[in-house]
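Observations on the three-dimensional arrangement
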Amino acid sequence: MTLKEQYEFLVFLLLAILVLELVARRLGLPPAASFIIGGMALAFVPGVPDVDITPDLIMVVFLPPLLMSSSYFTIWEDFKKQVNGIVSLAFGAVIFTTLAVAAVLHIMLPDLPLAVGFALGAIVSPPDAVAASAVLSKISLPGRLVTLLEGESLVNDATGLVLFAIAVSAAVTGEFDSFDAVVSFFWLSVSGGLAGAAMGWLGMRAIRLLKETELVITATLLLSTTSYVAAEAIGGSGVLAVVATGLIVGGGHHDSVSAATRVRAQSFWRALYSSWSPCCSS
């Protein structure tokens, strides 16, 4: 595809997103479900161009801003009140789901190595933060339950990634080292969280020096990607880093920027979330 054709196809996808959003509202469906169904249907349409995009590039371009938008609107006080339940779900529920998926696959396909079942379980067990927020925004649930589900979806990345790495290593080598697994889990979680907290702390001090609303919003957007890249560079969880940064920035905006800037920043993040979340959902 030429650059012009890629641009035209992108415009078509944006139009399709608007149509699917309207269809979801009319049928009372969560937008994420509509986007997934629409993406699957589009894949079977003859003549659809094959766009080859590096997955790592998608992760860096789309994921950090979407995670930032989710954590940016998380109420820090509610998050702290439910932190015990969030941590329990982020670790216990992911581990339990991974074991359950592995057990079912082993029963259904006895010839399939158990380590492969664990790897598949680790892939599907952590609920996606973007999809969780999209679904919960359309469902009327108690505030405590919403905080638990959204908070858990933001921080379960470390558990899923470590379980996946352990399962793949066991499948390839036939060996399992519990000590290395614990060390990997600890480093992925702690280094990612600390890197994100540090980037959030530094970012808020830089944002206080900016007066123009456009510069504040741009700095916040760049901060999400910078936090992700910095954590990944040291072997930590980029997802946890962006979540930590988003919590700090979202909570600190009230004391660091003007009310007018906060209103415009919130509008920007909501618009970005609405337009980019379908890309990750489908």
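In the block above lies the structure referred to throughout.
We now turn to the structure provided with this report. (Residues numbered from 1 in each chain as written. Predicted model: local features only at pLDDT ≥ 70, side-chain atom pairs only at ≥ 80, totals over all residues. Heavy atoms only, no water.)

Turning next to the overall build of the chain. In terms of regular secondary structure, the chain is built from 14 helices and 0 strands. Secondary structure elements of the chain occur, N-terminal to C-terminal, as α-α-α-α-α-α-α-α-α-α-α-α-α-α. Evaluated residue by residue, the chain yields a buried proportion of 38% over its 282 residues. Here the contacts in the chain between residues at least 6 apart in sequence split such that 78% fall between residues at least 24 apart. Accessible surface, the chain: about 15800 Å² in total, of which carbon and sulfur atoms supply 70%. (Helix = DSSP H or I, 4+ residues; strand = E, 2+ residues; numbered from the N terminus. Buried < 20%, exposed > 50% of the residue type's maximum accessible area, 1.4 Å probe, protein only. Contact = heavy atoms within 4.5 Å. Areas by Shrake-Rupley, 256 points an atom, 1.4 Å probe, with all protein chains shown as cover.)

All right, on to the side chain of Ser125 then. Tracing the backbone through its elements, the reader meets Ser125 in the loop between helix H7 (114–124) and helix H8 (129–136). When neighbours within four sequence positions are excluded, Ser125 is seen to be in contact with Val94, Thr97 and Thr98.

As enumerated under the stated definition, the model contains 1 salt bridge in all. With a closest N to O distance of 3.1 Å, Glu21 and Arg25 form a salt bridge. Residue Glu21 and its partner Arg25 are located together in helix H1 (residues 3–27), separated by 4 residues, close to a single helical turn. Taking relative accessible area as the criterion, Arg25 reaches 58% and is therefore assigned exposed. (Salt bridge = Lys/Arg side-chain N within 4 Å of Asp/Glu carboxyl O.)

Within the largest apolar cluster, 26 residues are counted, with the highest numbers of intra-cluster contacts made by Leu67, Val155, Val239, Val243 and Val249. Looking at this core, the elements that each hand over two or more residues are helix H4 (63–72), helix H6 (83–108), helix H9 (143–155), helix H11 (178–207), helix H12 (213–233), helix H13 (238–256) and helix H14 (259–281). Ranked by residues supplied to this core, first place goes to H13 with 6 residues. (Core = buried A, V, L, I, M, F, W, Y, C linked by side-chain atoms within 4.5 Å.)

Right, let's get into the packing of aromatic side chains. For any pair of aromatic rings, the description rests on two quantities: the centre-to-centre distance and the angle between the ring planes. Throughout the structure, instances matching the rule amount to 1 aromatic pair. Ring geometry for Phe9 against Phe12: centres 6.2 Å apart, planes inclined by 25 degrees, an arrangement best described as stacked. Note that Phe9 and Phe12 are positioned in helix H1 at a spacing of 3 residues, about one turn of the helix. (Phe/Tyr/Trp six-rings, centres within 6.5 Å; stacked < 30°, edge-to-face > 60°.)

When two helices pack together, their arrangement is given by the angle between the helix axes and the distance between those axes. In contact at an axis separation of 7 Å, H12 and H13 are set at 150 degrees when each is read in the N-to-C sense. Accordingly, the angle class assigned to the pair H12 and H13 is roughly antiparallel. As H12 packs across H13, the resulting crossing turns out to be right-handed. Contact with H12, carried on its side by Val216, Thr220, Leu223, Ser224, Ser227, Tyr228, Ala231 and Glu232, involves Gly238, Val239, Ala241, Val242, Thr245, Val249 and His253 of H13 and no other residues of that element. Grouping the amino acids of the contact of H12 with H13 by side-chain chemistry returns 8 nonpolar, 6 polar and 1 charged. (Axes fitted to C-alpha atoms, helices over the stretch in contact; angles between N-to-C directions. Parallel < 35°, antiparallel > 145°, perpendicular 65-115°, else oblique. Left-handed = near helix turned anticlockwise from the far one by under 90°. Nonpolar A, V, L, I, M, F, W, Y, C, P; charged D, E, K, R; others polar.)

Relative to the helices and strands, Ser227 is located in helix H12. Judged by its relative accessible area of 0%, Ser227 is buried. Not counting the four nearest positions on each side in its chain, Ser227 is found in contact with Gly196, Met199, Ala241, Val242 and Thr245.

Here we take up the packing of H4 against H12. Taken N-terminus to C-terminus, the directions of H4 and H12 make an angle of 115 degrees; their axes are 8 Å apart at the nearest point. One finds that H4 runs roughly perpendicular with respect to H12. Handedness of the H4/H12 crossing: right-handed. Only Thr220, Leu221, Ser224, Thr225 and Tyr228 of H12 make contact with H4, whose side of the interface consists of Leu63, Pro64, Pro65 and Met68. Per-class residue counts for the contact of H4 with H12 are 6 nonpolar, 3 polar and no charged.

Moving on, we come to a nonpolar patch on the surface. On the surface, Leu15, Leu18, Val19, Val23, Leu27 and Leu29 cluster together into a nonpolar patch covering about 550 Å² of accessible area. Examined against the element boundaries, Leu15 turns out to sit in helix H1. (Patch = residues over 30% accessible without salt bridge, like charges linked within 9 Å, V, L, I, M, F, W, Y side chains within 5 Å.)

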